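Below are the chains, spelled out letter by letter.
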Amino acid sequence: MDKSGKAYWKAVLTLIAQVLAVWFVVSYGAGILFAPELNNIRLGGYPLGFWFAQQGSMYIFVIQIFVYAKLMGKIDEKFDVHEE
Amino acid sequence: MDLQTLTYIVVGLTFSLYVGIAVWARAGSTSEFYAAGGAVHPVLNGMATGADWMSAASFISMAGLISNMGYGGGLFLMGWTGGYVLLAMLLAPYLRKFGKFTVPQFFGDRYYSQAASMVGVLCLLMASLTYIIGQMTGVGVAFSRFLGVSNHTGIFIGMAIVFMYAVFGGMKGITYTQVAQYCVLILAYTIPAIFISLQLTGNPIPQFGLGGDFVGTDMTLLGKLDQVVTDLGFGKYTETTRYSTLNMFVYTASLMIGTAGLPHVIMRFFTVPTVKAARSSAGWALVFIAILYTTAPAVAAMARLNLHATINSAVKSGGDIYATESALVYEDRPDWMKRWEITGLLKFEDKNGDGRIQYYNDKSKNEAFNAKAAAAGWKGSELKVNADIMVLANPEIAMLPDWVIALVAAGGLAAALSTAAGLLLAISSAISHDLFKNILMPGLTEKGELMAGKITMACSILVAGWLGLNPPGFAAGTVAIAFGLAASSIFPALMMGIFNKKMNKEGAMAGMVAGIGVTMFYVFAHKGIFFIKGTEFLGMFGGKANFFMGIEPNAFGGIGAIVNFIVAYIVSKVTPACPEHIQHMVENVRTPRGAKAVDGSHAH
């Protein structure tokens, strides 16, 4: 792989790691591991941990994929590997 | 017009729509049969993926399960949606760039061996066949309840319908049929939910209603539910975990990885025109899925509250829940209970002989509660409710108009049929394309392969029907295991194929075999070898269920996936390195440019 190819792949992996970090925090973190503590906080009529497990993480997943798709498009153009 | 006639009309209309679309979208080439010609718009592909994905288990069983499990049911919600994030980032765009029809073909090329492709075919068949059992039993339940036919007749009708559009239309027919099926199933799911949310909270949007106040009180709906279920000896609705935090963690992971590894979902991303479209299409798929999945917890909580309120009048009035007159008199039970009693999914047994129904948790370990129940003269819970009826009976419980009930029937059937069709395509393409065309009969012409695809599709429908008639377990249980099998075999091998260019064929194959082997061993230990009753071998482990760190068999795919990664890594280090040209191919797959050039087969 040439130099710009390596840099491209590194940029891709960094983006994936960032998106996955948020993904992990909202689902496994807020939805499961820290749900009991978060349940002491209320979001409207929802206990917060319960909200993350049954509503919140899903909204965030949807946003994440579109943000990822957008940023990947930018990385593709920056390294000039986008589809013609 | 009576309900039965109305149901026939609504279901009949939706079925003629599906068949009409199938006639319009006949597949004329293998590219159309396997990948719908490779030109489906990402939004339409997202809808089709949503229908493909949301099965009888999502539509019929999931809300019922959450309703029983409370907070712990969140593992289904997060697990079955979080996998799309993995799919969008780790697999879909790269597999689209690779540009072949099937998952085993990727294994065959990336791991430069027909043996790897064969292992892929076997893993795919294990996962897809396990999955389709759940779909066919779901078809049977839905048909028998709604069309008033026997379970067996229901399955035969389902087979005939799928046959009509899947065999002739292939992926192209299935894609456009699934778009229609998505529209039917999402309307059928959300309309009753909106009605019920309005009744219970005054808010028409179920997602907000779930966090709203219970009508006529200043208590939140969830607070009310927490109070009612704890009064009846159950665990607190918003806090009950599934067995343990670790089990819930692993179960969620297993469903996420399984989602990203299920071949019938992955195949849907071969149908879009570009790599960019593959990325955004995963997002659209999740948007359409989330509409149902964020509604489901509201349906679950509201159905649970409605059920308790029907049986115990003190729930709504706020009176004494233990008073004799609070319990529903059996003779006065509503019509929907009578209808479901016929199916055997709802059972009443008057244990204390007072002619009234007491429904509570008779296995409660709470001494104070048990004393109150005993003082009230309760001698055990008298109602058995199958989780599967929660969604199907919901409109009847809330006394919604007949046309809504008929629509739910059509939605349940759409969900089961669309997933069955997607799975059948994955199965038949693995056999006709990977086994016959690429391994056994390389000289097969395109016309011959198309014919082989249609014949294997027809055979697969017969096998699926037979499995549906002789199901080895209940619908939702087998579905979770299918995810475990996909999670432990297909996902890790695909991911390493893209992200670790040094991964060689020996490592990938050893990993898949070890991962699926460990998972099957654990599942079979609990549920019998190939789910045959009486062949369980839990005795080897002192008869202790969930013997590995308290993890249940449905969740074990997460552990299987870890085993897969570790074994693959170790084996790849001690066997010959991956050839140079394969490493170059992986580098090429990683960049989007030239997606159209790579897959000449998609040109049309």
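Residues numbered from 1 in each chain as written. Chains lettered and ligands numbered in written order. Predicted model: local features only at pLDDT ≥ 70, side-chain atom pairs only at ≥ 80, totals over all residues. Heavy atoms only, no water.

So, the overall build of chain A
When helices and strands are counted, chain A shows three helices and two strands. In sequence order, the secondary structure elements of chain A are arranged as α-α-β-β-α. For a compact globule of 84 residues, the expected C-alpha radius of gyration is about 12 Å, and chain A comes in at 17 Å, more than 25% above that figure. Along the first, second and third principal axes, the C-alpha set of chain A runs to 50 × 20 × 15 Å. For chain A, long-range pairs separated by at least 24 residues make up 56% of all intrachain contacts whose partners lie at least 6 apart in sequence. For chain A, the accessible area works out to roughly 4,200 Å², and carbon and sulfur atoms hold 69% of it. In chain A, 7 positive and 7 negative side-chain charges are present, and the distance between their average locations comes to 10 Å. (Helix = DSSP H or I, 4+ residues; strand = E, 2+ residues; numbered from the N terminus. Rg over C-alpha atoms; globule rule 2.2 N^0.38 Å. Contact = heavy atoms within 4.5 Å. Areas by Shrake-Rupley, 256 points an atom, 1.4 Å probe, with all protein chains shown as cover. Lys, Arg positive; Asp, Glu negative; His and termini not counted. Charge placed at Lys NZ, Arg CZ, Asp CG, Glu CD.)

Structural notes on the packing of helix α1 (residues 3–24) of chain B against helix α18 (residues 402–440) of chain B
Residues and elements named next belong to chain B. Contact geometry of α1 with α18 gives a least axis separation of 8 Å together with a crossing angle of 40 degrees. Viewed along their axes, α1 and α18 form a crossing whose handedness is right-handed. In this structure, α1 uses Leu3, Leu6, Thr7, Val10, Val11, Thr14, Phe15 and Tyr18 to contact α18, whose residues at the interface are Asp402, Trp403, Ile405, Ala406, Leu407, Ala409, Ala410, Leu413, Ala414 and Leu417. For the contact of α1 with α18, the class distribution of residues is 15 nonpolar, two polar and one charged. (Axes fitted to C-alpha atoms, helices over the stretch in contact; angles between N-to-C directions. Left-handed = near helix turned anticlockwise from the far one by under 90°. Nonpolar A, V, L, I, M, F, W, Y, C, P; charged D, E, K, R; others polar.)

With respect to the confidence of the model for chain A
When pLDDT is averaged along chain A, the result is 93; 98% of the residues meet or exceed 70. Element-level mean pLDDT values for chain A span from 90 in strand β1 (residues 42–43) of chain A up to 96 in helix α3 (residues 48–78) of chain A. (pLDDT = per-residue confidence, 0-100.)

Remarks on the side chain of B:Lys454
All names here are of chain B. Along the polypeptide, Lys454 turns up in helix α19 (residues 446–469). It turns out Lys454 is buried and unbridged, and the closest side chain with the opposite charge, Glu32, is 8.9 Å from it. Here Lys454 is in contact with Ala27, Phe33, Val167 and Phe168, once residues within four sequence places are set aside. (Buried < 20%, exposed > 50% of the residue type's maximum accessible area, 1.4 Å probe, protein only. Salt bridge = Lys/Arg side-chain N within 4 Å of Asp/Glu carboxyl O.)

Overview of the interface of chain A and chain B
Residue-level contacts link 45 residues of chain A with 55 residues of chain B. Counting the surface lost from both chain A and chain B, the interface buries some 4,200 Å², and carbon and sulfur atoms represent 70% of this. The interface formed by chain A and chain B holds two salt bridges in total. Note that B:Arg593 and A:Asp80 form a salt bridge whose closest N and O atoms lie 3.3 Å from each other. For the pair chain A and chain B, the number of links is 14 residue pairs in polar contact (both at pLDDT 80 or more). (Buried area = accessible area lost by both parts, 1.4 Å probe. Polar contact = N/O pair within 3.5 Å; in protein donor to acceptor, adjacent residues only side chain to side chain.)

Some words on the packing of aromatic side chains
All names here are of chain A. Scanning the entire structure with this criterion turns up 38 aromatic pairs over all chains. Ring centres of Tyr8 and Phe79 lie 5.8 Å apart, and the angle between their planes is 70 degrees; on these two criteria the pair is classed as edge-to-face. Of this pair, Tyr8 sits in helix α1 (residues 3–33) while Phe79 sits in the segment after α3; the two residues are 71 residues apart in sequence, bridging distant segments of the chain. Comparing Tyr8 with Phe79 shows no difference in burial state: the two are buried. (Phe/Tyr/Trp six-rings, centres within 6.5 Å; stacked < 30°, edge-to-face > 60°.)

Some remarks on unusual backbone geometry
All names here are of chain B. Phi is positive for Tyr112, which is not a glycine, with a value near 35 degrees. Tracing the sequence through the fold places Tyr112 in the loop between α6 (103–110) and α7 (114–147). Notably, Asn546 is not glycine yet its phi reads approximately 50 degrees, a positive angle. Along the chain, Asn546 falls in the loop between α21 (505–527) and α22 (557–574).

Remarks on helix α13 (residues 275–311) of chain B
Residue and element names in this part refer to chain B. Along its 37 residues, α13 runs 54 Å from first to last C-alpha, staying within 8% of the 54 Å computed at 1.5 Å per residue. In α13, a bend of some 35 degrees at Ala290 exceeds every other bend along the element. In terms of burial, α13 is a largely internal element, 32 of the 37 residues being buried. (Expected span 1.5 Å × (residues − 1). Bend = angle between axes of the 7 residues up to and from the residue.)

Some points on the packing of helix α5 (residues 74–98) of chain B against helix α23 (residues 580–590) of chain B
Residue and element names in this part refer to chain B. Close contact between α5 and α23 brings their axes to 8 Å; oriented N to C, the two are set at 115 degrees. Of the two possible hands of crossing, α5 and α23 adopt the one that is right-handed. Each of Tyr94, Lys97 and Phe98 in α5 lies in contact with α23, whose residues at this interface are Met585, Asn588, Val589 and Arg590. Within the contact of α5 with α23, the residues separate by chemical class into four nonpolar, one polar and two charged.

Topic: the environment of B:Gly211
Within the secondary structure, B:Gly211 is located in the loop between α9 (206–209) and α10 (221–231). Considered as a pair, B:Gly211 and B:Gly99 are 112 residues apart in the sequence and their alpha carbons are 45 Å apart.

Examining the pattern of salt bridges
A side chain of one charge can pair with a side chain of the opposite charge if their charged atoms are brought near each other. Residue and element names in this part refer to chain B. Inspection of the entire model under this criterion finds 11 salt bridges over all chains. In this structure, Glu32 and Lys172 form a salt bridge, with 3.7 Å as the shortest nitrogen-oxygen distance. With Glu32 in helix α2 (residues 30–35) and Lys172 in helix α8 (residues 151–201), this residue pair connects regions lying 140 residues apart in the sequence. Owing to a relative accessible area of 22%, Glu32 belongs among the partly exposed residues under this scheme. By relative accessible area, Lys172 is classed as partly exposed at 21%.

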